[in-house]
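Spelled out from the first residue to the last, the chains are:
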Amino acid sequence: VQERSLNKAVVSTQSTGDKGVKLSGDFVFDPLKADFGPLVKALVVNPQKGTVDAGAQATVSFQFTPPKELVELGARITFNTLLTLKGETNEQFRVNFVAEIVE
């Protein structure tokens with residue numbers, strides 16, 4: 001089991017609102033859909049959603065534990081999920097994961 005962490009500036013605006021209020025943005029990683037079968041419970045995203053102040057960074061960790069039925073030495077598993085960023089504008093990004101089973 002490997003854990004990878006990703007530091008991502010999900011909101012990078014430097015402007016302030018009309019009344020000098022500091023802007024922030026929300027992020028959300030969609031859960032894996034049921035059609036991913038046993039992978040649905042294999043990926044843990046922490047935190048799955050949150051709020052980030054303008055210009056700040058949020059640390060998001062991904063932990064993948066391959067399901068027993070997919071563990072075969074040399075097997076390559078690919079799947080993806082959607083990241084939604086909501087701030088001054090709304091943006092969506094497809095996040096692709098590739099896992100290779102090694103000793």
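The present account deals with the structure reproduced in this document. No experiment lies behind these values; they were computed from the predicted model shown. (Residues numbered from 1 in each chain as written. Predicted model: local features only at pLDDT ≥ 70, side-chain atom pairs only at ≥ 80, totals over all residues. Heavy atoms only, no water.)

### Quick word on the packing of aromatic side chains
Part 1: Counting across every chain of the model gives five aromatic pairs.
Part 2: Centre to centre, the rings of Phe27 and Phe29 are 6.4 Å apart; their planes meet at 80 degrees, and the pair counts as edge-to-face.
Part 3: A relative accessible area of 2% means that Phe27 is categorised as buried.
Part 4: When the centroid spacing of 5.5 Å and the interplanar angle of 85 degrees are considered together, the rings of Phe29 and Phe62 count as edge-to-face. In this pair, Phe29 sits in strand β2 (residues 24–29) while Phe62 sits in strand β5 (residues 58–64), placing the two residues 33 residues apart along the sequence. (Phe/Tyr/Trp six-rings, centres within 6.5 Å; stacked < 30°, edge-to-face > 60°. Buried < 20%, exposed > 50% of the residue type's maximum accessible area, 1.4 Å probe, protein only. Helix = DSSP H or I, 4+ residues; strand = E, 2+ residues; numbered from the N terminus.)

### Digging into the pairing of strand β3 (residues 43–46)
Part 1: Going residue by residue along β3, you find Leu43 and Val45 tucked away on one face and Val44 and Asn46 left uncovered on the opposite face.
Part 2: Pairing of β3 with β5, which is carried by four bridges, proceeds in the antiparallel orientation. Looking at the pairing, Asn46 lines up with Ser61 of β5. (Pairing = 2+ DSSP bridges.)

### Quick look at the pattern of salt bridges
Part 1: Across all of its chains, the model carries one salt bridge by this definition.
Part 2: The partner of Glu100 in a salt bridge is Arg76, with the nearest N and O atoms 3.4 Å apart. Of this pair, Glu100 sits in strand β7 (residues 90–100) while Arg76 sits in strand β6 (residues 76–86), placing them 24 residues apart in sequence.
Part 3: Since its relative accessible area comes to 44%, Glu100 is described here as partly exposed. (Salt bridge = Lys/Arg side-chain N within 4 Å of Asp/Glu carboxyl O.)

### Focus: the sheet that holds β7
Part 1: An order of β4-β2-β6-β7 is seen for the four strands of this open sheet, with the pairing classed as antiparallel. Two strands bound the open sheet, and with one partner strand each, they are β4 (49–53) and β7. Neighbour to neighbour, the strand axes of the sheet diverge by 25 degrees on average, direction disregarded.
Part 2: As paired elements, β2 and β4 share five bridges and run antiparallel to each other. Within the sheet, the bridge partner assigned to Ser24 lies in β4 and is Asp53. (Axes fitted to C-alpha atoms, helices over the stretch in contact; angles between N-to-C directions.)

### Some thoughts on the nonpolar core
Grouped burial of nonpolar side chains is what soluble globular proteins tend to show.
Part 1: Counting residues in hydrophobic clusters, the biggest one holds 21 residues, and the most contacted among them are Phe27, Phe29, Leu43, Phe64 and Phe79.
Part 2: Going through the elements one at a time, β2, β3, β5, β6 and β7 are the ones with two or more residues in this core.
Part 3: Beyond its immediate stretch of four places on either side in the chain, Phe29 contacts Val45, Pro47, Gln48, Val60, Phe62, Thr81, Leu82, Leu83 and Val95. (Core = buried A, V, L, I, M, F, W, Y, C linked by side-chain atoms within 4.5 Å. Contact = heavy atoms within 4.5 Å.)

### Structural notes on unusual backbone geometry
Part 1: Residue Asn46 is joined to Pro47 through a cis peptide bond whose omega torsion reads -5 degrees.
Part 2: Inspection of the secondary structure puts Pro47 in the loop between β3 and β4.

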